Amino acid sequence: MKNIVYFDLETQKSADEVGGWDKISRMGMSVGVTYSTARGDYRIYGEPQVNELVTELQRADLVVGFNIVRFDYEVLHGYTPLDLTQVPTLDMLVDLTQTLQHRLSLDSIATATFGLEKTAEGLQAIRWYKEGKLGEIAEYCCYDVKLTKLVHEYGCRHRQLHYLNRFGKKLTVPVKW
């Protein structure tokens, strides 16, 4: 059985706090979450377990995420000399941006496709980190991984995704996953 690992992480600091978006590797991971199709479960990683997270990603047959090449992998590059972009990866944002010529949010896809919305956003997760609320971050991150998994599976099954454009109109985009 192919081991697809769905992945997301949250950070300790914002881009402003580290000096800009070109310094993502300095943001620090607060919580990382994976869902492995081989295991059939979620794993939650705190910063002390970051090496275990990197190992899980390396061992996956395919890592699936949303904006993971530009963001999540860059955060992890602050912890490892390994080039995670060499791991077999489907970054759905990259794929959709190539097709549409503009960026979408995971929220716009999940809302249009399933009527589900994200439970928070990244800056809230950073506030939770500063307040020591790692449980809230883990719950939020698990939900994002679940949405990522649902979106990917829907795209694989139907060869298309729905999304809301900036005017709130529901549109459809073909995918080749």
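Scroll up to find the structure.
Residues numbered from 1 in each chain as written. Predicted model: local features only at pLDDT ≥ 70, side-chain atom pairs only at ≥ 80, totals over all residues. Heavy atoms only, no water.

Looking now at helix α7 (residues 134-158). Its 25 residues give α7 an end-to-end C-alpha distance of 36 Å, which sits within 8% of 36 Å, the value for a rise of 1.5 Å per residue. Directly after α7, the chain includes Arg159, whose backbone phi takes a positive value near 60°. (Helix = DSSP H or I, 4+ residues; strand = E, 2+ residues; numbered from the N terminus. Expected span 1.5 Å × (residues − 1).)

Next up on the list: the state of the cysteines. Under the counting rule described, the total for this entry stands at zero disulfides. Summary of cysteine pairing: Cys142 is not part of a disulfide, and the nearest cysteine sulfur, belonging to Cys141, is at 6.7 Å. Residue Cys142 is classed as buried on the basis of its relative accessible area, which comes to 19%. (Disulfide = S-S within 2.5 Å. Buried < 20%, exposed > 50% of the residue type's maximum accessible area, 1.4 Å probe, protein only.)

It is worth spelling out the sheet that holds strand β1 (residues 4-11) at this point. Strand pairing in a sheet takes place through backbone hydrogen bonds and is either antiparallel or parallel in direction. Spatial ordering of the open sheet is given by β3-β2-β1-β4-β5, a layout of five strands whose pairing is mixed. Only two strands of the sheet have a single neighbouring strand rather than two, namely β3 (41-46) and β5 (89-91). The mean inter-strand angle of the sheet, taken between neighbouring strand axes irrespective of direction, is 25°. In terms of strand pairing, strand β2 (residues 29-36) meets β3 through six bridges, oriented antiparallel. (Pairing = 2+ DSSP bridges. Axes fitted to C-alpha atoms, helices over the stretch in contact; angles between N-to-C directions.)

By the secondary structure assignment, Phe114 is in helix α5 (residues 106-114). A residue is classified by how much of its surface remains accessible, and Phe114, at 28% relative accessible area, is partly exposed. It is 18 Å that separates the C-alpha atoms of Phe114 and Phe167, two residues lying 53 residues apart in sequence. Once residues lying within four places of it in the same chain are set aside, the contact partners of Phe114 are Ile109, Leu150, Val151 and Tyr154. (Contact = heavy atoms within 4.5 Å.)

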